[in-house]
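Now for the letters of each chain:
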Amino acid sequence: MHFADVILPLPLDGLFTYSIPTTLEEQVKFGVRVRVPFGRNKYHVGLVARTHDEEPQGYEVKDISLVLDTQPILLPEQYRLWSWIADYYMSPIGEVYKAALPSGLKAEDGYHPKTETFIRLTPPYRNEQALHIALDMLVRAPKQLKAFNEFLFLSEEGRSSLTKDELMNASHASADTISQLVRRGLLETYEVEVGRLNHGSEPHPENIKKLSAAQQEAYNQVLFSMLKKPVTLLHGVTSSGKTEIYIHLIQREIEQHHQVLYLLPEIALTVQMMDRLRRVFGSRLGIYHSKYSDAERVEIWQKQLSPCPYDVILGARSAVLLPFQRLGLIIVDEEHETSYKQQDPMPRYHARSVAIMLASLASSKPKVLLGTATPSMETYHNAQTGKYGLVELKARHQDIELPEIQVVDIQDLARRKMMNGPFSPLLLARVREALENGEQAILFQNRRGYAPMLECKQCGWVPRCQNCDVSLTYHRAMNQLTCHYCGATYAVPAECPACGSKNLWAKGYGTEKIETEIQDIFPEARIGRMDLDTTRSRNAYERLISDFATGRTNLLIGTQMISKGLDFDKVSVVGILNADTMLNQPDFRAYEHAFMMMAQVSGRAGRKGRRGLVILQTRQPQLPVIQQVVHNNYEGLYHDLLDERLAFRYPPFFRLVCVYLKHRNDQLVETAAQEMSARLRYWFTNRVLGPDKPTVARVKTLSIRKLVLKIEPQLNLADVRRCLLQAQQQMLQDKRYTSLQIYYDVDPL
Ligand code: ADP
Ligand code: ZN
Ligand code: ZN
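Please read all numbers here as calculations on a predicted model, not as lab measurements.

A. Molecular detail of the overall build of the protein chain. A count of helices and strands for the protein chain gives 23 helices and 31 strands. Relative to a compact globule of 749 residues, whose C-alpha radius of gyration would be 27 Å, the protein chain shows 30 Å and is just as compact. Seen along its three principal axes, the alpha-carbon backbone of the protein chain occupies a region of about 95 × 75 × 70 Å. When burial is assessed residue by residue, the protein chain has 54% of its 749 residues classed as buried. Intrachain contacts of the protein chain at a sequence separation of at least 6 include 74% that bridge at least 24 residues. In the protein chain, the 90 positive side-chain charges and the 84 negative ones have mean positions that sit 4 Å from each other.

Shown next, in the form of structure tokens:
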């Protein structure tokens, strides 16, 4: 083999061919990292995808300059999965490589093994006689003598190795004192590589809970379904014990010497689930998500390749891209969650789809289990048509009733001047009752910050982002205006720049304002607030949860972050402050998503013992979807939406591909979008919609246009992709469009 095709971490299509110098012939093989020259004086760390003897024509091939690994860090199955992702989501494979590999593996010197400093006697002093001399030598240096004696004492106690830190702690010596002993030639230090991974405790399978009769039945059904179908949906109401069933299934796989991948949509959730799984699986469990340090992720990656990988990996989206050697089961919990889809940057993949593809590519032939109380339309449709197996669990564990949901018409109350800010009298009464009874309440508002905008009362002026086409969110605690699209922050103006009025008011409600106003009403309430702003650090989320779980706080306010999977005992009331912001989204999935959100938030009410209460505030109580939430009528929602989806050619009947065009110049991007649209219509005729301006038509100074392609399932997606890429290439040949960005979102959410 004289040539290697290499994946480079670049947003360019395809692989790059390099020649293999004779000296490296032995070392260059599939899956190892190599350093290669690129452009002028530039080097990249790439991954070898293929070696061959086909000399590339038409350009001068450069040599691989260095091989970084002796063993492959990528498995052949992973590479096939990467290629599928690149193809299906129309993203360069270099972008998949960037998304999959922890940064420490992408840079040559990015990863440093963690080491610890140990301490021992130097060779001349490793005998009795020399030690006596040493002790004499130290008589005038009492601190050193004390430290040295302590060292000898600990060594005699049978300690075969001692770290510098341990010695310092035991002898109360300073680092300086130890260094002096080293300089005297009595002691020497040496470095030992230690893992960063917390290895946890022994597994305790005896902690697995016995399944109830209904759960056992569902468990058996899942096993039978998995005999026939590659994918099974476990549709169980909140708190029915789906997680307990997963735990039994995982244990079964472990006993068969298989690995399990357990995906959760958000990092926040993995924290809770981690404790639950650790109690049973101990050190067999590895955790993988982006809040872990890069070095830790490198170690997990390497452990997955080692002879003793983790039996169970619990992780968020990107864990689906880890190496697995003998995968038996993939669990996609809360499969309906939109955060399974990566939005930005590329590849815009859906972890559920990738998991299903991973299962079909893996030689160990793992099964996929999707779990949720509110399935996505796509998944439920697949289950209804028999493509997926379906197992249902209709009762909550111990038959605790689902919460009672009371709808409150806030438009009517507002007209009668009965609203107290965003709170209806009923909501306030129930929250007061809960707090007085020593119970807890949750308030849900799907907007963070203090207020979605500031507005001049005089002339209606609203501060907007300079880079994006949106109004700025007012954050009062930080006293600034923030753009939630580009992150830019601005000072709060003292007066309106348009008319000079000082009368600026914060319009609408974010979680921060809800917190302030409810605290005014209930000064004694102990409030926790959970949103993106309060959970930026790795531990903040855990603290908010544990404060609420232990009762240190009794009123929790939050965005959709609080909607899932959290298991609290004393929540008697959940308030959904404004359902309309969710229902009125200009998006064909608005009702589907609103239903899910409300059903999940409601699920937080009334666990253990008593029936909970949900107060659902809306201006549109007559909407069928509201009644469907009230009666937990998922089937009803599904059938309503299904008719609509068919009529208007949406998923699950049609596949969507969004084409985005971006450029600084709004005029130019409009022209380009028109042209792209015309080109696509040549093949796809009326399947092309747009171009349109998206809701936010300018982000980070780039103007955006969007085309939507609605494709019937019979059409071969590979052909569709080819047409799209051809149109794109033709466009980009035009000199006007050299800096035009075109990208795709396949199966957008
Ligand atoms: P889901 O995942 O469907 O929301 P969980 O598995 O979290 O439901 O169960 C809800 C609560 O009921 C949890 O606290 C869980 O420990 C408890 N539970 C469920 N099934 C059992 C069981 N068979 N034995 C004991 N406790 C159970
Ligand atoms: Zn004004
Ligand atoms: Zn912005």
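B. Just the site of ligand 1, in detail. What surrounds ligand 1 is a group of 16 residues, the closest being Lys210, Gln215, Ser239, Lys242 and Thr243. The backbone of Ser240 places a nitrogen or oxygen atom 3.1 Å from an oxygen atom of ligand 1. At 2.9 Å from an oxygen atom of ligand 1 is found a side-chain nitrogen or oxygen belonging to Arg276. Taking 550 Å² as the accessible area of ligand 1 by itself, protein coverage stands at 82%. Of all the elements, helix 9 (residues 242-255) adds the most residues to the shell around ligand 1, at 3 residues. Within the shell around ligand 1, the residues separate by chemical class into 2 nonpolar, 8 polar and 6 charged.

C. Local environment of the coordination of the zinc ion (ligand 2). Distances from the zinc ion (ligand 2) to its protein donors, namely Cys456 (SG), Cys459 (SG), Cys496 (SG) and Cys499 (SG), fall within the range 2.3 to 2.4 Å. Viewed at the metal, the 4 donor atoms of the zinc ion (ligand 2) are separated by angles of 103 to 113°, and the geometry they form is tetrahedral. As a motif over one chain, the donors of the zinc ion (ligand 2) read C-x2-C-x36-C-x2-C. Within this pair, whereas Cys456 is found in strand 18 (residues 453-456), its partner Cys499 is found in the loop between strand 21 (489-491) and strand 22 (504-507), the two being separated by 43 residues in sequence. Given the relative accessible area of 38%, Cys499 is considered partly exposed.

D. Quick peek at the coordination of the zinc ion (ligand 3). At this site the zinc ion (ligand 3) is bound by Cys465 (SG), Cys468 (SG), Cys483 (SG) and Cys486 (SG), with donor distances of 2.2 to 2.3 Å. Bound by 4 donor atoms, the zinc ion (ligand 3) shows angles of 106 to 114° at the metal and therefore tetrahedral coordination geometry. Take Cys468: its relative accessible area is 2%, and that puts it in the buried class.

E. Quick look at the packing of aromatic side chains. Applying the stated criterion across every chain, the model contains 19 aromatic pairs. When the centroid spacing of 5.6 Å and the interplanar angle of 85° are considered together, the rings of Phe16 and Phe38 count as edge-to-face. Of this pair, Phe16 sits in strand 2 (residues 16-19) while Phe38 is found in the loop between strand 3 (33-37) and strand 4 (43-52), placing the two residues 22 residues apart along the sequence. For Phe16, a relative accessible area of 19% translates into the label buried.

F. Helix 4 (residues 128-137), seen in detail. Along helix 4, the residues that are buried comprise Ala130, Leu131 and Ala134. Along the axis of helix 4, the buried residues cluster in a sector spanning 100°; they form a single face. Of the exposed residues in helix 4, the ones pointing more than 90 degrees away from its buried face are Glu128, Gln129 and Asp136. Contacts from the buried residues of helix 4 go to strand 6 (115-121) and helix 5 (142-156).

G. Quick peek at the sheet that holds strand 19 (residues 473-475). Strand order across the open sheet formed by 3 strands is 19-20-21, with antiparallel pairing between neighbours. What marks the edges here is a single partner per strand, and that holds for strand 19 and strand 21. Averaged over all adjacent pairs, the angle separating strand axes in this sheet is 35°, with direction ignored.

H. Representation of the pairing of strand 31 (residues 741-746) in the model. Burial runs high along strand 31: 5 of the 6 residues are buried. Sheet topology note: the strand 27 (residues 655-663)/strand 31 ladder contains 6 bridges and is antiparallel. By the bridge assignment, Cys658 is partnered in strand 31 with Asp745.

I. Broad picture of the nonpolar core. Among the nonpolar cores identified, the biggest contains 118 residues, and Trp82, Leu261, Met598, Leu661 and Met676 are the most heavily contacted of them. Not counting residues up to four positions away in its chain, the partners in contact with Leu261 are Ile313, Ala319, Val320, Phe324, Leu327, Leu329, Ile330, Ile331 and Leu358. With 32 residues, the next largest nonpolar core counts Ile208, Met226, Ile245 and Leu314 among its residues.

J. Fine view of the sheet that holds strand 5 (residues 66-67). Strand order across the open sheet formed by 5 strands is 2-1-4-3-5, with antiparallel pairing between neighbours. A single partner strand is all that each edge strand has here, and the edge strands are strand 2 and strand 5. Sheet analysis places strand 3 next to strand 4, joined by 5 bridges and oriented antiparallel. Across the sheet, residue Val36 finds its bridge partner in strand 4, namely His44.

K. Seen up close, the pattern of salt bridges. For the structure on display, the rule yields 38 salt bridges. The salt bridge involving Arg529 is made with Asp531; its shortest N-O contact spans 2.9 Å. Like Arg529, the residue Asp531 is buried in the burial classification. Through salt bridges with shared partners, a single network forms among Glu378, Arg589, Glu592 and Arg645.

L. Just the side chain of Ser376, in detail. The residue Ser376 is located in the loop between strand 14 (367-372) and helix 13 (377-384) in this model. Polar side-chain contacts of Ser376 include one of 3.0 Å to the side chain of Thr379. If we ignore the near neighbours within four places in the chain, the residues touching Ser376 are Glu335, His336, Arg352, Glu592, Met596 and Tyr634.

M. Summary view of the pairing of strand 13 (residues 327-333). Across the 7 residues of strand 13, 7 count as buried, placing the element largely inside the fold. Relative to strand 13, strand 10 (residues 259-263) is paired through 5 bridges, and the arrangement is parallel. Residue pairing for strand 13: Val260 is matched across the bridge by Leu329. In this sheet, strand 14 lies alongside strand 13 in parallel orientation, the contact comprising 5 bridges. The residue of strand 14 that forms the bridge with Ile330 is Val368. In terms of handedness, the path from strand 13 via helix 12 (residues 351-361) over to strand 14 forms a crossover that is right-handed.

About the cut-offs
Residues numbered from 1 in each chain as written. Chains lettered and ligands numbered in written order. Predicted model: local features only at pLDDT ≥ 70, side-chain atom pairs only at ≥ 80, totals over all residues. Heavy atoms only, no water. Helix = DSSP H or I, 4+ residues; strand = E, 2+ residues; numbered from the N terminus. Rg over C-alpha atoms; globule rule 2.2 N^0.38 Å. Buried < 20%, exposed > 50% of the residue type's maximum accessible area, 1.4 Å probe, protein only. Contact = heavy atoms within 4.5 Å. Lys, Arg positive; Asp, Glu negative; His and termini not counted. Charge placed at Lys NZ, Arg CZ, Asp CG, Glu CD. Near = heavy atom within 4 Å. Polar contact = N/O pair within 3.5 Å; in protein donor to acceptor, adjacent residues only side chain to side chain. Areas by Shrake-Rupley, 256 points an atom, 1.4 Å probe, with all protein chains shown as cover. Nonpolar A, V, L, I, M, F, W, Y, C, P; charged D, E, K, R; others polar. Donors = N, O, S within 2.8 Å, 3.2 Å for Na, K, Ca; no water. Tetrahedral: all angles 85-135°; square planar, octahedral: opposite > 155°, others 65-115°. Phe/Tyr/Trp six-rings, centres within 6.5 Å; stacked < 30°, edge-to-face > 60°. Arc of directions from axis to C-beta. Pairing = 2+ DSSP bridges. Axes fitted to C-alpha atoms, helices over the stretch in contact; angles between N-to-C directions. Core = buried A, V, L, I, M, F, W, Y, C linked by side-chain atoms within 4.5 Å. Salt bridge = Lys/Arg side-chain N within 4 Å of Asp/Glu carboxyl O. Right-handed = clockwise from strand over helix to strand, strands pointing away.

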